[in-house]
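One letter stands for each residue in the lines below.
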Amino acid sequence: MTTNKYVLGWIDEMAAMTQPDKIVWIDGTEEQAEALRAEACSTGEITKLNEELLPNCYLHRTAVNDVARVEDRTFICTSKKEDAGNINNWMAPAECYAKLTKLYTGAMKGRTMYVIPYSMGIVGSPFAKYGIELTDSIYVVLNMLIMTRVGTNVLEALGESGDFIKGLHAKADINQENRYICHFPEDNTIWSVNSGYGGNVLLGKKCFALRIASYLGRKENWMAEHMLILGVEYPDGETKYICAAFPSACGKTNLAMLIPPEFYKKQGYKVWCVGDDIAWLRVGADGRLWAVNPENGFFGVAPGTNEGSNPNALYTTKRDTIFTNVVHNLDNNTVWWEGLDKNPPANAIDWKGNKWDYTKYNKADKSTCGAHPNSRFTASAINCPCLSKEFNNPAGVPVSAIVFGGRRAKTAPLVYQSTSWQNGAFVGSIMASETTAAAAGAVGVVRRDPMAMRPFVGYDMGDYWAHWLKMGTLIPNPPKIFHVNWFRTDDNGNFIWPGFGDNMRVLMWILARCEGKVEANITPIGYVPNAEDICVEGLKDVTLDTIKELLSVDVESWLADIDNIRAFYAQVGDRVPQAMYDELAALEARLNAAK
Ligand code: GTP
Ligand code: SPV
Ligand code: MN
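Residues numbered from 1 in each chain as written. Chains lettered and ligands numbered in written order. Predicted model: local features only at pLDDT ≥ 70, side-chain atom pairs only at ≥ 80, totals over all residues. Heavy atoms only, no water.

**A word on the overall build of the protein chain**
Okay, so step 1: Along its length, the protein chain carries 17 helices and 31 strands.
Okay, so step 2: In summary, the protein chain has a C-alpha radius of gyration of 23 Å against a globular reference of 25 Å for 595 residues, a match within 12%.
Okay, so step 3: Dimensions of the protein chain, computed from C-alpha atoms along their principal axes, come out at roughly 70 × 55 × 45 Å.
Okay, so step 4: Expressed as a percentage of the 595 residues in the protein chain, the buried residues total 61%.
Okay, so step 5: When contacts within the protein chain are restricted to residue pairs at least 6 apart in sequence, those whose partners lie at least 24 apart make up 71%.
Okay, so step 6: As presented, the protein chain carries roughly 22300 Å² of accessible surface, and 49% of it is formed by carbon and sulfur atoms.
Okay, so step 7: Put simply, the protein chain has 58 plus and 68 minus side-chain charges, and the middle of one group is 1 Å from the middle of the other. (Helix = DSSP H or I, 4+ residues; strand = E, 2+ residues; numbered from the N terminus. Rg over C-alpha atoms; globule rule 2.2 N^0.38 Å. Buried < 20%, exposed > 50% of the residue type's maximum accessible area, 1.4 Å probe, protein only. Contact = heavy atoms within 4.5 Å. Areas by Shrake-Rupley, 256 points an atom, 1.4 Å probe, with all protein chains shown as cover. Lys, Arg positive; Asp, Glu negative; His and termini not counted. Charge placed at Lys NZ, Arg CZ, Asp CG, Glu CD.)

Below, the structure is given as structure tokens:
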């Protein structure tokens, strides 16, 4: 398939270590993919679903101990510890290579090593970066075929160059004690072992397109961010683009595919999805920031996806999709998850592979769920009904606004706008969110998650903030920066804001601000809308007073947060830019003045 000596030499070396029985090159053809699906079905690795109801769709269950990213087992292996920073786990490269070599040695005996040449971004475009993943999992191959651009054309585009990301994945025995997700940014290398789950093993995604890419972006003056990209088309046909960074399982896929409320639809507004998880951002020749989605599919959260919350995502999963850790409905050989509809299947298997009794389901007890809370669908971008026509544009789309957001029951208002790029970067640096099932560990605990990148920055967090500030000086016409929170709750713990499609109402205020078409109130934290400027037309339970409540800035709770932010900055350490401390001091002073 290639004569590239860097590729061939590296594969020889990895094969000598892992000792597969055979090596199969993935060429990107449908024939090969079909043969692999058949093989995986024959071994029970995947199950073919009802061809009439869900054509070309499959179900897979991962090991019970292997259902989410494992942040405590994820390492950034730079030669100097301080370059990985205090927020990342670090291991010396030599030590890590030695430790993992032991785990990889002979790990593919009796198995096949698949060689997946893939591109993040459109093959041949200036934005694109290439990778090769070696894996012993057909499930990984089938997912990578959906999530990235795979095939011989990648090898052709790579030519004889050694500029590619070397990814090695072995399932080994899925032993969580020996699970490691390790990044060697100085060697363009990723080693993953003892997992078979999503973000741990689809190495093009978080490992490459965020951790390694953020490291490269810092060196090359661009940005790799955990952001969705969407376009809002106005009735006159013009489209404005927004990037939004929310932590894992906090609403990126949902926002990226939103269907405008009736009120906007009637006027001719449309929303187009460019990406739902990762954005690569560069300064364009026109002085604006331009975004591409380096992925080719969606690895989306299944629970909660339904006809009301996200019909576009649901439609996208109706064909050519791999479902992971959802409920198997045995009556019609389809799938189900909590929040799909009100009819849980009576004859069903849960995500662990056991018979599932839906009558025992209790919302408050996650262990009674049929689908794992982090169960996912892997679906092709081309099957998405609201996919932007710019999806395959190698130049990307120009970004008008950057939006940060998280899950905050209190404190953060529905929306506010920063006062400058620097202040916006500060707003990103102090982001916080309640943890979700997307990563192993406790759920619902507020933690600081700067720019939604805490688990994904491939270097020191302070240096990452400095890079944000530097990018501000390199973009003559930068996007405006905002913060949103769809998750404020009332005293009974219910969400106050309806969210989902109605988030369009907030996006319209954001875009109006970008165009200087609407005034705002300056508060200690930034610009907050006049309540009348958030359109509530057609909303049942939301009045002007509700909006006022959602927009209120509680000075005391913000002040209470300042100490926590300061402690977090101290934890990030010496490389926190002075400008961030200046912004923090200025925020505190404004809050005190407003008391
Ligand atoms: P990753 O793929 O993990 O990076 O997550 P994501 O940010 O794409 O999250 P996603 O859109 O899949 O949302 C995850 C969860 O948030 C689901 O349970 C949704 O139902 C819920 N959610 C999304 N948008 C909203 C919203 O506007 N309001 C409320 N209340 N919940 C939402
Ligand atoms: C996330 O956790 O942010 C995801 C899913 O998008 S995973 O690919 O597993 O990281
Ligand atoms: Mn994500």
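**Notes on the site of ligand 1**
Okay, so step 1: Near ligand 1 you find 21 residues, and of these A249, K252, T253, N254 and R376 are the closest.
Okay, so step 2: Here C250 contributes a backbone N or O atom positioned 3.4 Å from an oxygen atom of ligand 1.
Okay, so step 3: One of the side-chain N or O atoms of N254 is found 2.8 Å from an oxygen atom in ligand 1.
Okay, so step 4: A total of 660 Å² of accessible area belongs to ligand 1 in isolation, and the protein chains cover 91% of it.
Okay, so step 5: No fewer than three residues from each of domain 2 (225–295 + 391–594) and domain 3 (298–383) sit in the shell around ligand 1. (Near = heavy atom within 4 Å. Polar contact = N/O pair within 3.5 Å; in protein donor to acceptor, adjacent residues only side chain to side chain. Domains from an automatic or database assignment.)

**Quick look at the site of ligand 2**
Okay, so step 1: Lining the immediate environment of ligand 2, one finds R69, Y197, G199, K205, K206, H226, S248, D277, F299, R376, A438 and F456.
Okay, so step 2: Within the side chain of R69, one N or O atom sits 2.9 Å away from an oxygen atom of ligand 2.
Okay, so step 3: A distance of 2.5 Å is found between an oxygen atom of ligand 2 and a side-chain nitrogen or oxygen belonging to K206.
Okay, so step 4: Computed on the free molecule, ligand 2 has an accessible area of 280 Å², of which 98% lies beneath the protein chains in the complex.
Okay, so step 5: Its residues placed into classes, the shell around ligand 2 shows four nonpolar, three polar and five charged. (Nonpolar A, V, L, I, M, F, W, Y, C, P; charged D, E, K, R; others polar.)

**Notes on the coordination of the manganese ion (ligand 3)**
Okay, so step 1: Summarising the metal site, the manganese ion (ligand 3) is bound by the protein donors K206 (NZ), H226 (NE2) and D277 (OD), whose distances to it range over 2.2 to 2.3 Å.
Okay, so step 2: Angles of 68 to 174 degrees at the metal separate the six donor atoms of the manganese ion (ligand 3), which places the site in the irregular class.
Okay, so step 3: Given the relative accessible area of 6%, K206 is considered buried. (Donors = N, O, S within 2.8 Å, 3.2 Å for Na, K, Ca; no water. Tetrahedral: all angles 85-135°; square planar, octahedral: opposite > 155°, others 65-115°.)

**Looking at the domain arrangement of the protein chain**
Okay, so step 1: With domains assigned, the protein chain is organised as domain 1 (5–44 + 72–220), domain 2 (225–295 + 391–594) and domain 3 (298–383).
Okay, so step 2: Its C-alpha centre places domain 1 at a distance of 32 Å from the equivalent point of domain 2.
Okay, so step 3: Contact residues are listed per partner, giving 30 residues for domain 1 and 33 residues for domain 2.
Okay, so step 4: When the area that domain 1 buries against domain 2 is broken down by residue, the three leading residues are I87, F127 and R218, summing to 29%.
Okay, so step 5: Counting across the interface, domain 1 meets domain 2 through five salt bridges.
Okay, so step 6: Here R575 and D83 are joined by a salt bridge, their closest N and O atoms 3.3 Å apart.
Okay, so step 7: Between domain 1 and domain 2 we count 16 residue pairs in polar contact (both at pLDDT 80 or more) in total.
Okay, so step 8: Within the residue set of the side of domain 1 that touches domain 2, elements represented by two or more residues are helix 3 (81–84), strand 6 (112–120) and helix 8 (204–220).
Okay, so step 9: Of all the elements, helix 8 adds the most residues to the side of domain 1 that touches domain 2, at eleven residues. (Buried area = accessible area lost by both parts, 1.4 Å probe. Salt bridge = Lys/Arg side-chain N within 4 Å of Asp/Glu carboxyl O.)

**Brief notes about the packing of helix 16 (residues 555–572) against helix 17 (residues 578–594)**
Okay, so step 1: Running from amino to carboxyl end, helix 16 crosses helix 17 at an angle of 160 degrees, the nearest separation of the two axes being 10 Å. On the basis of their axis angle, the class for helix 16 and helix 17 is roughly antiparallel. Where helix 16 crosses over helix 17, the handedness of that crossing is left-handed. Within the contact between the two elements, helix 16 uses V555, W558, L559, I562, I565, R566, Y569 and A570 and helix 17 uses M580, Y581, L584, L587, E588, L591, N592 and A594.
Okay, so step 2: For the contact of helix 16 with helix 17, the class distribution of residues is 13 nonpolar, one polar and two charged. (Axes fitted to C-alpha atoms, helices over the stretch in contact; angles between N-to-C directions. Parallel < 35°, antiparallel > 145°, perpendicular 65-115°, else oblique. Left-handed = near helix turned anticlockwise from the far one by under 90°.)

**Regarding the sheet that holds strand 18 (residues 297–301)**
Okay, so step 1: Ordered in space as 2-3-19-24-18, the five strands form an open sheet in which the pairing is mixed. Both outer strands of the open sheet, strand 2 (47–48) and strand 18, are each paired with one neighbouring strand and no more.
Okay, so step 2: Strand direction decides the pairing type here: strand 2 and strand 3 (residues 58–60), joined by two bridges, are antiparallel. Counterpart to K48 in the pairing with strand 3 is Y58. (Pairing = 2+ DSSP bridges.)

**Side note on the environment of N564**
Okay, so step 1: Relative to the helices and strands, N564 resides in helix 16.
Okay, so step 2: Taking the relative accessible area as the measure of exposure, N564 reaches 40% and is therefore partly exposed.
Okay, so step 3: Spatially, the C-alpha atom of N564 lies 9.5 Å from that of I430, the residues being 134 residues apart in sequence.

**Focus: the pairing of strand 29 (residues 480–484)**
Okay, so step 1: Of all five residues that make up strand 29, four are buried, and the element is covered over most of its length.
Okay, so step 2: Bridge analysis of strand 25 (residues 397–405) against strand 29 gives five bridges, and the strand direction is parallel. Across the sheet, the residue bridging to A401 is K480, located in strand 29.
Okay, so step 3: Judged from the three bridges that link them, strand 26 (residues 415–417) and strand 29 form a sheet pairing that is antiparallel. The residue bridging Q417 from the neighbouring strand is F482, located in strand 29.

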